[in-house]
Structures are given as structure tokens and as C-alpha cells.
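The lines below spell out each chain.
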Amino acid sequence: AQSVTQPDARVTVSEGASLQLRCKYSYSGTPYLFWYVQYPRQGLQLLLKYYSGDPVVQGVNGFEAEFIKSNSSFHLRKASVHWSDSAVYFCAVSASTGNYKYVFGAGTRLKVIA
Amino acid sequence: AQTIHQWPVAEIKAVGSPLSLGCTIKGKSSPNLYWYWQATGGTLQQLFYSITVGQVESVVQLNLSASRPKDDQFILSTEKLLLSHSGFYLCAWSPRNNQAPLFGEGTRLSVL
């Protein structure tokens, strides 16, 4: 079975600073990995996804993530954050074949301050 | 382009009353469909998935049931609500197995 750990419940960064949100997964097979963002009282929006190939994937709004198999990690990065990036970010994992189940991490609440 | 619509946007219901939430996907045939539940301030828990009309698989038992009466429609229901059913219910779809689910705007449920 899959599992996801997002070790930072809350992160505060200054506007214009760089950002890294951590995600570690557990899955014995080949994972598919995802990052989503949730704004207050809204559904989740997909930021980026990794299926295979280049371990660095680019997403929307300047976000990127790197799949490091040896570390079972899929950290989200952004070079320069904007106040509008304040939201909750979820990392998720699924198997690459078969079980139709997606496991989400607990989420990281990002606050961008002036 | 594909669109996903959930209804209602919000519900306030009494303990013990029935519930029916709906989700419709337009612009995509034979999508995989999912229901998730999110406690306030919490993570998402997958409840059900369906890969074809008439077939629904349960992932977590929360005294809820789901049905897929049409290719583009997914229904979540229960005959008797519990206080613990309160939260945010999200429907999602994916084009193929295990690919990224795309979410609707959700239904906020308060059980009193």
C-alpha cells in the first residue's frame, strides 16, 4: 500500500523568496506522483504530475518538483513566491498500474508574508 | 474541454436524515470517477472509485454508498447521516487508470 508524508504542517516564507515543500512517499512499486493546491473553500487544483522520464517536472505558475527515487521524495519548489501562492499544498501518490487508489499527504499550509 | 460539476454546493442536514450528492462530467467518455472526503483542515480520504457504469468499488467504509447510473454521473448517498459525515466532499475524474485526478469544486456538508 502507498503512503505519503508531508513533514511540515505549516511553512511561512517572505514574498520573493524561494520555496521548498517536502514530500516523501512509501510504495514498493513504481509510483505516480502529484502535487495539488487548495485555496480556501475550493476543490483541489493539479499543479504537476510525474509518471516517468525526466525526474524534474514543470508545473503551472512556476512550480516544479523533482522525483528522487533513492530518497523516495518528490519535493515541490518555486524560485520566487507571490502572496497569491498562500494556500494548502497536497502531495499524492498512486500505483502506476492497477489499483485506482490515490493516497494524499496531510498537506502543508503555506503563508507568504510581505 | 472537460468540465466537472458537483451539486449541491452546500448542505445542512439533521442527524439521521438521508443524503444524496451528485457529480457530472462533461466532455469525456468513460472517465474513471472518484469520491473523496475531507474533514475540516484535514487531508483527503478516498471513499469510492468507478471505472465503468454500474460498477463502484469501496475504498473506505464510512456508512456511505455510491452509484454510477450513467457514464457521466456519480452519486454519493446514505439513508442515515451521522455527525461524523460532516466535511467537504470532492468528486474527481481521471482519463485513464492511475493518472492525475481532476477535482470538482466540492460540496460542503454540515450535519447537526
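Each value, and the rule that gives it
- Throughout, residues of each chain are indexed from 1 in the direction in which the sequence is written.
- Lettering for chains starts from A, numbering for ligands starts from 1, and both go in the order in which the items are written.
- Given that this is a predicted model, residues contribute local features only at a pLDDT of at least 70 and side-chain atom pairs are listed and counted only at 80 or more, while totals for whole chains, interfaces and linings are drawn from all residues.
- Working from all heavy atoms in the structure, the side-chain values ignore hydrogens and water.
- Secondary structure elements are taken from DSSP: a helix is a run of H or I of four residues or more, a strand is a run of E of two residues or more, and numbering for both begins at the N terminus.
- Here the radius of gyration uses the C-alpha set of atoms, whereas the globule reference equals 2.2 Å times the residue count to the power 0.38.
- Residues enter a nonpolar core if they are buried and are Ala, Val, Leu, Ile, Met, Phe, Trp, Tyr or Cys, with the set joined through side-chain atoms within 4.5 Å.
- A simple rule labels every residue: compare its accessible area, found with a 1.4 Å probe on the protein chains alone, to the largest value its type can have, and call it buried under 20%, exposed over 50%, or partly exposed in between.
- Residues count as neighbours in contact if any of their non-hydrogen atoms are within 4.5 Å of one another.
- Note on terms: buried area is the combined drop in 1.4 Å-probe accessible area of two parts once they are placed together, counting the loss on both.
- Whenever a carboxyl oxygen of Asp or Glu lies within 4 Å of a side-chain nitrogen of Lys or Arg, that contact is scored as a salt bridge.
- In protein, a polar contact means a hydrogen-donor-capable atom and an acceptor-capable atom, both N or O and within 3.5 Å, with residues adjacent in sequence counting only if both atoms are side-chain atoms; elsewhere, any N or O pair within 3.5 Å suffices.
- In this classification, the charged set is Asp, Glu, Lys and Arg, the nonpolar set is Ala, Val, Leu, Ile, Met, Phe, Trp, Tyr, Cys and Pro, and all remaining amino acids, among them Gly, are polar.
- Cysteine sulfur atoms are paired as a disulfide whenever they come within 2.5 Å of each other.
- At least two bridges found by DSSP between two strands is the condition for calling them paired.

A.B. asks: When you look at the overall build of chain B in this model, what are you seeing that I'm missing?
C.D. replies: Helices and strands together make up the secondary structure of chain B, namely 0 helices and 11 strands. Helices and strands appear in chain B in the N-to-C order β-β-β-β-β-β-β-β-β-β-β. Its C-alpha radius of gyration of 13 Å places chain B within 12% of the 13 Å reference for a compact globule of 112 residues. If one aligns the C-alpha atoms of chain B with their principal axes, the spans along those axes are about 40 × 25 × 20 Å.

A.B. asks: In this structure, what is going on with the nonpolar core? I would like to understand it.
C.D. replies: Generally speaking, a soluble globular protein has its nonpolar side chains buried in company with each other. Residue and element names in this part refer to chain A. Leu 19, Trp 35, Leu 47, Leu 48, Phe 74, Leu 76 and Tyr 89 are the most contacted members of the largest nonpolar core, which has 26 residues in total. Contributing elements (two or more residues each) for this core: β2 (10-14), β3 (19-21), β5 (31-38), β6 (44-50), β8 (63-68), β9 (73-78), β10 (87-95) and β12 (108-113). At 4 residues, the largest contribution of residues to this core is made by β10. If near-sequence neighbours (up to four positions away) are discounted, Tyr 89 is found in contact with Gln 6, Leu 21, Trp 35, Tyr 36, Val 37, Leu 47, Phe 63, Leu 76, Gly 107, Thr 108 and Leu 110.

A.B. asks: Explain the side chain of Asp 85 of chain A to me, please; I cannot follow it from the model alone.
C.D. replies: For Asp 85 of chain A, the location among the structural elements is in the loop between β9 and β10. Discounting chain neighbours no more than four positions away, the residues touching Asp 85 of chain A are Phe 63, Lys 78, Leu 110 and Val 112 of chain A.

A.B. asks: Would you take a moment to explain the interface of chain A and chain B for this structure?
C.D. replies: Accessible area lost upon the coming together of the parts is a frequently used measure of interface size. On the chain B side, the residues contacting the 24 residues of chain A number 24 residues. Taken as a group, Tyr 100, Tyr 102 and Phe 104 of chain A account for 38% of the area that chain A buries against chain B, more than any other trio of residues on that side. There are 0 salt bridges connecting chain A and chain B. In this structure, the connection of chain A to chain B is made through 8 residue pairs in polar contact (both at pLDDT 80 or more). Going through the elements one at a time, β5, β6, β10 and β11 (102-104) of chain A are the ones with two or more residues in the side of chain A that touches chain B. Taken together, the residues of the side of chain A that touches chain B sort by class into 12 nonpolar, 9 polar and 3 charged.

A.B. asks: Help me understand the environment of Ser 84 of chain B, please; the structure alone is not making it clear to me.
C.D. replies: With respect to the secondary-structure elements, Ser 84 of chain B resides in the loop between β8 (73-78) and β9 (87-94). Separated by 48 residues in sequence, Ser 84 of chain B and Tyr 36 of chain B place their C-alpha atoms 14 Å apart.

A.B. asks: Any chance you could explain the state of the cysteines here in plain terms?
C.D. replies: Here a disulfide denotes one covalent bond, and it connects the sulfur atoms of two cysteines. Considering all chains together, one arrives at 2 disulfides over all chains under this definition. A sulfur-sulfur separation of 2.0 Å characterises the disulfide bridge that pairs Cys 23 of chain A with Cys 91 of chain A. Disulfide Cys 23 of chain A-Cys 91 of chain A: the torsion about the S-S bond is -65 degrees, which places it as left-handed. Here Cys 23 of chain A, found in the loop between β3 and β4 (24-26), pairs with Cys 91 of chain A, found in strand β10; they are 68 residues apart in sequence, far enough to count as distant. In this pair, the class of Cys 23 of chain A matches that of Cys 91 of chain A, namely buried. One disulfide bridge connects Cys 23 of chain B with Cys 91 of chain B, the sulfur atoms lying 2.0 Å from each other. Where Cys 23 of chain B bonds to Cys 91 of chain B through sulfur, the torsion about that S-S bond is close to -75 degrees, and the disulfide is left-handed. Of this pair, Cys 23 of chain B sits in strand β3 (residues 19-26) while Cys 91 of chain B sits in strand β9, placing them 68 residues apart in sequence. Of the two residues, Cys 23 of chain B and Cys 91 of chain B, both sit in the buried class.

A.B. asks: Explain the pairing of strand β4 (residues 32-38) of chain B to me, please; I cannot follow it from the model alone.
C.D. replies: Sheet faces and side chains relate simply in a regular strand, where the side chains alternate between the two faces. Residues and elements named next belong to chain B. The buried count for β4 comes to 7 of 7 residues, which makes it a mostly enclosed element. By the alternation rule, side chains of β4 split into Asn 32, Tyr 34, Tyr 36 and Gln 38 and Leu 33, Trp 35 and Trp 37, which are all buried. Bridge count between β4 and β9: 7 bridges; the pairing is antiparallel. The residue bridging Trp 37 from the neighbouring strand is Tyr 89, located in β9. Here β4 runs beside strand β5 (residues 44-52); their pairing, made up of 6 bridges, is antiparallel. Following the sheet pairing, Tyr 36 is matched in β5 by Gln 46. Between β4 and β5, which pair antiparallel one after the other, the connecting turn spans 5 residues, and Gly 41 there sits at a positive phi close to 75 degrees.

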